[in-house]
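The lines below spell out each chain.
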There are 2 protein chains.
Amino acid sequence: MAPDMHAQPLVGLMLGDATGIGPEIAVKLLSTALAAGDDAPPARLAVVGDARVLELGMRDAGISVPYQIYPRLDQVAWSADHIPVIDLANLDPASVARGEVSPESGRACGDTLKYMIDLALDGQLDGICFAPLNKAALHSGGWHFTDEHQMFAHLTGHTGFFGEMNVIPEFATFRVTSHVALRAALDMITPERIGLALRLAHATLRDMGHEHPRIGVAALNPHCGENGLFGDEEITTIRPTVETLRAEGIDATGPISSDTIFIKAKRGDFDGVVMMYHDQGQIATKLLGFNKGVTVTAGLKTVFTTPAHGTAFDILGQGKADPGALAHAVRLAAMLAGAASRR
Amino acid sequence: MAPDMHAQPLVGLMLGDATGIGPEIAVKLLSTALAAGDDAPPARLAVVGDARVLELGMRDAGISVPYQIYPRLDQVAWSADHIPVIDLANLDPASVARGEVSPESGRACGDTLKYMIDLALDGQLDGICFAPLNKAALHSGGWHFTDEHQMFAHLTGHTGFFGEMNVIPEFATFRVTSHVALRAALDMITPERIGLALRLAHATLRDMGHEHPRIGVAALNPHCGENGLFGDEEITTIRPTVETLRAEGIDATGPISSDTIFIKAKRGDFDGVVMMYHDQGQIATKLLGFNKGVTVTAGLKTVFTTPAHGTAFDILGQGKADPGALAHAVRLAAMLAGAASRR
């Protein structure tokens, strides 16, 4: 770790669902962090979870990472020779079958995230990064939320606008609506929500280092409504909102047909794209290799990041899981948490 | 041309909007057809349009193609040493500015297509392929249709289901709804329309040479509705219709989340994808390079094909326009017309 490491954000790392590849990629990442080369994330990392799951990850990865258990984060002796671990002792991995959905493991994931959120709200963690969850396990383990973003909002006591953000190397996407029926989404596409999504995109992209973020705004209807011939939300709602936000100094462009905007973003025209509904952006980013990207919960008091890929049961325990997306996720958590602390 | 050329479908070629690259790529294609190598399309080709526009294309392409004007197609002496031309003398290209939308050129495009449709309905043409139109020009030239597919349906007297199909090397897409507002599309996603789109996909893919077409059916809501949590059209409408069609022997699979189905189709799981609304498929196929693909009007008495790209005013007259997509379009017209004639 770098000499100025005490100035680095403190990012809590959750090992992910123990039934999947989370522990393996977490160990690979921690090994890189201790090596402190150019690939090391610009953060102090502390594992929060069950030390037995960390040991499992070392066996999966075929790598040994020195670690030390601390009762509290403020007692950690930061050093380049070990990883600090807050051992919650809340999941014995020997008690769950691997490679399949486990309510017990899902419960532990949720419990661990809640513990980390409480640490963050208490000022002891600057950001939270988690290796892949299994959403079905989380749900069957008793954490009944539409998605983990809703869970994080609830646990941080957030009541305003927030949203899932998806980051690939080419650009980031932000959502006016997300995990709702398309029919319900149509009724939620209001000037207020579009404005909130645009402001969130602008602020988050600035935190990611884009001094003057260029943001594309997707249309709702085919061919951008073809001048009102195929729907008028572009004329009545989206364009006026984009113009209002532009007058506030946000570099927003649109509405742009959704079959064109991602081609423009891919070639570098935009740093971020605000999409009206879930599948617009997800069709595009998944085709562009979002599996290697990062999912962020943007707009909450605490920064949350996670790799876009899942628990990958198909390559479990083979030692070949790629920690690349998790490394991006840690880096992004550190960057966003660092920007927040400077405000 | 091949010795058995009289058995080949007779495809009428329209030169496209004279303000764009259509005439140039048409000439390049015709030159290949006369050369009769492996690249030659499996069709007899006749140009229908203005001979002066063909001459313009030769100047743009820097290629001379021998042609002969005939008053009627049934008088053509088919030979490998010239291209037959039905000269409608309906547009003097010297009278329109190039590289911009021209109502006059749009009018001529529509008039030419109508002439070709009448030939097809009279049994004189087996299929119609057209170099790029300009939709705005067509509209301002007096052809007031939502899209050219609606125009073709009207001019062929078609009253049943039909649809735009988009073909890329990896797969073809078919639409339950197309150029309508997304809000209106939601109300049109009925078992009847899904069934019609699936049957059209099945029949058309068979005509394209897929003996047992594998067809993926897209979901409407995010995450395929997450078991009814985010919308129930998958449960109430799409899945039952897919099951009904499977019982009829159509190899349909779905509904599949729209952010996953195109990844599956890209890797070869499906020959065709039936999408619920316009942008689902267009976001995907455009990112996959649909510009080099082909647009087909499927389900009418006459086969219509055209390159997916436009009039490309930006590279006009430079001799570098690529005739590849037009060649695919001619080939597809020949294949579909040939299959229809064998029924």
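Residues numbered from 1 in each chain as written. Chains lettered and ligands numbered in written order. Predicted model: local features only at pLDDT ≥ 70, side-chain atom pairs only at ≥ 80, totals over all residues. Heavy atoms only, no water.

(A) Fine view of the packing of helix α7 (residues 191-207) of chain B against helix α8 (residues 233-247) of chain B. Residue and element names in this part refer to chain B. As a packed pair, α7 and α8 sit with axes 9 Å apart at the nearest point and diverge in direction by 45°. Considered as vectors, α7 and α8 are oriented oblique to each other. Read as a crossing pair, α7 and α8 show a hand that is right-handed. Counting all contacts with α7, which are made through Pro191, Ile194, Gly195, Leu198 and Arg199, the residues of α8 involved are Thr237, Ile238, Thr241 and Leu245. For the contact of α7 with α8, the residue count by class is five nonpolar, three polar and one charged. (Axes fitted to C-alpha atoms, helices over the stretch in contact; angles between N-to-C directions. Helix = DSSP H or I, 4+ residues; strand = E, 2+ residues; numbered from the N terminus. Parallel < 35°, antiparallel > 145°, perpendicular 65-115°, else oblique. Left-handed = near helix turned anticlockwise from the far one by under 90°. Contact = heavy atoms within 4.5 Å. Nonpolar A, V, L, I, M, F, W, Y, C, P; charged D, E, K, R; others polar.)

(B) Region of the structure containing the interface of chain B and chain A. Tallying the contact residues gives 31 residues for chain B and 31 residues for chain A. Summed over both sides, the interface of chain B with chain A buries roughly 3000 Å², with 64% coming from carbon and sulfur. The interface formed by chain B and chain A includes six salt bridges. For Glu233 of chain A, the salt bridge is made with Arg183 of chain B, and the minimal N-O distance between the two is 3.6 Å. (Buried area = accessible area lost by both parts, 1.4 Å probe. Salt bridge = Lys/Arg side-chain N within 4 Å of Asp/Glu carboxyl O.)

(C) Representation of the relation of the copies chain B and chain A. Its rotation angle being 180°, the transformation that places chain B on chain A also includes 0.0 Å of axial translation and leaves an RMSD of 0.0 Å. Taken together, the turn and the small shift mark the pair as related by a two-fold rotation axis. (Least-squares fit on C-alpha atoms with pLDDT ≥ 70 in both.)

(D) Representation of the domain arrangement of chain A. All names here are of chain A. Assigned domains within chain A: domain 1 (5-159 + 293-342) and domain 2 (170-283). Placing a centre on the C-alpha atoms of domain 1 and another on those of domain 2 gives a separation of 31 Å. Residue-level contacts link eight residues of domain 1 with five residues of domain 2. Summed over the three residues of domain 1 that lose the most area to domain 2, namely Ala298, Met335 and Leu336, the buried surface amounts to 49% of that side. Here domain 1 and domain 2 share zero salt bridges between them. (Domains from an automatic or database assignment.)

(E) Broad picture of the pattern of salt bridges. Residue and element names in this part refer to chain B. Per the stated rule, a full pass over the model turns up 34 salt bridges over all chains. Asp111 serves as the salt-bridge partner of Arg107, at 2.5 Å between the closest nitrogen and oxygen. Of the two residues, Arg107 and Asp111 both sit in helix α3 (residues 103-121), four residues apart, roughly one turn of that helix. We classify Arg107 as partly exposed; its relative accessible area is 22%. (Buried < 20%, exposed > 50% of the residue type's maximum accessible area, 1.4 Å probe, protein only.)

(F) Inspection of the pairing of strand β6 (residues 163-167) of chain A at higher detail. All names here are of chain A. Summarising burial for β6: five of the five residues are buried, a large majority. A two-sided burial pattern is seen for β6, the buried positions comprising Gly163, Met165 and Val167 on one face and Glu164 and Asn166 on the other. Bridging between β6 and strand β11 (residues 294-298) involves five bridges; their strand directions are antiparallel. Of the residues in β11, the one forming a bridge with Met165 is Val296. Relative to strand β7 (residues 172-175), β6 runs antiparallel, the two being bridged by three bridges. (Pairing = 2+ DSSP bridges.)

(G) Region of interest: unusual backbone geometry. Note that the residue after Gly254 of chain A, namely Pro255 of chain A, is joined by a cis bond; omega there is 0°. Counting through the fold element by element, Pro255 of chain A comes out in strand β9 (residues 251-256). Positive phi values are uncommon outside glycine, yet Cys224 of chain B reaches one of about 60°. Tracing the sequence through the fold places Cys224 of chain B in the loop between β8 (214-218) and α8.

(H) Structural detail: the packing of aromatic side chains. In the structure shown here, the tally under the stated rule is seven aromatic pairs over all chains. Taken together, a centroid distance of 4.0 Å and an interplanar angle of 5° make the contact between Phe152 of chain B and Phe304 of chain B stacked. Residue Phe152 of chain B is found in helix α5 (residues 148-155), and its partner Phe304 of chain B is found in strand β12 (residues 303-307); the two are separated by 152 residues along the sequence. An identical accessibility class is assigned to Phe152 of chain B and Phe304 of chain B; each is buried. Within the aromatic cluster, the residues linked to one another by ring pairs are Phe130, Phe152 and Phe304 of chain A. We note Arg44 of chain A situated over the ring of Trp78 of chain A; from NZ or CZ to the ring centre the distance is 5.2 Å. (Phe/Tyr/Trp six-rings, centres within 6.5 Å; stacked < 30°, edge-to-face > 60°. Lys NZ or Arg CZ within 6 Å of the ring centre and 35° of its normal.)

(I) Representation of helix α10 (residues 278-287) of chain A in the model. Residue and element names in this part refer to chain A. Across the ten residues of α10, nine count as buried, placing the element largely inside the fold. Restricting attention to buried positions, one finds in α10 the residues His278, Asp279, Gln280, Gly281, Gln282, Ile283, Ala284, Thr285 and Leu287. Of the residues flanking the end of α10, it is Gly289, one or two places downstream, whose phi is positive at about 90°.

(J) Broad picture of the side chain of Thr295 of chain A. Within the element layout of this structure, Thr295 of chain A appears in strand β11. Each residue touching Thr295 of chain A, except ones within four places of it in the same chain, is listed here: His149, Glu164, Met165, Asn166, Phe290, Phe304, Thr305, Thr306, Pro307 and Ala308 of chain A.

(K) The arrangement of the nonpolar core in detail. In terms of nonpolar packing, the biggest core is built from 134 residues, with Leu13, Leu198 and Met276 of chain A together with Leu13, Leu198 and Met276 of chain B touching the most fellow members. In contact with Met276 of chain A, not counting residues within four places along its chain, are Val176, Thr177, Ile189, Ile194, Val217, Ala218, Ala219, Leu220 and Ile238 of chain A. (Core = buried A, V, L, I, M, F, W, Y, C linked by side-chain atoms within 4.5 Å.)

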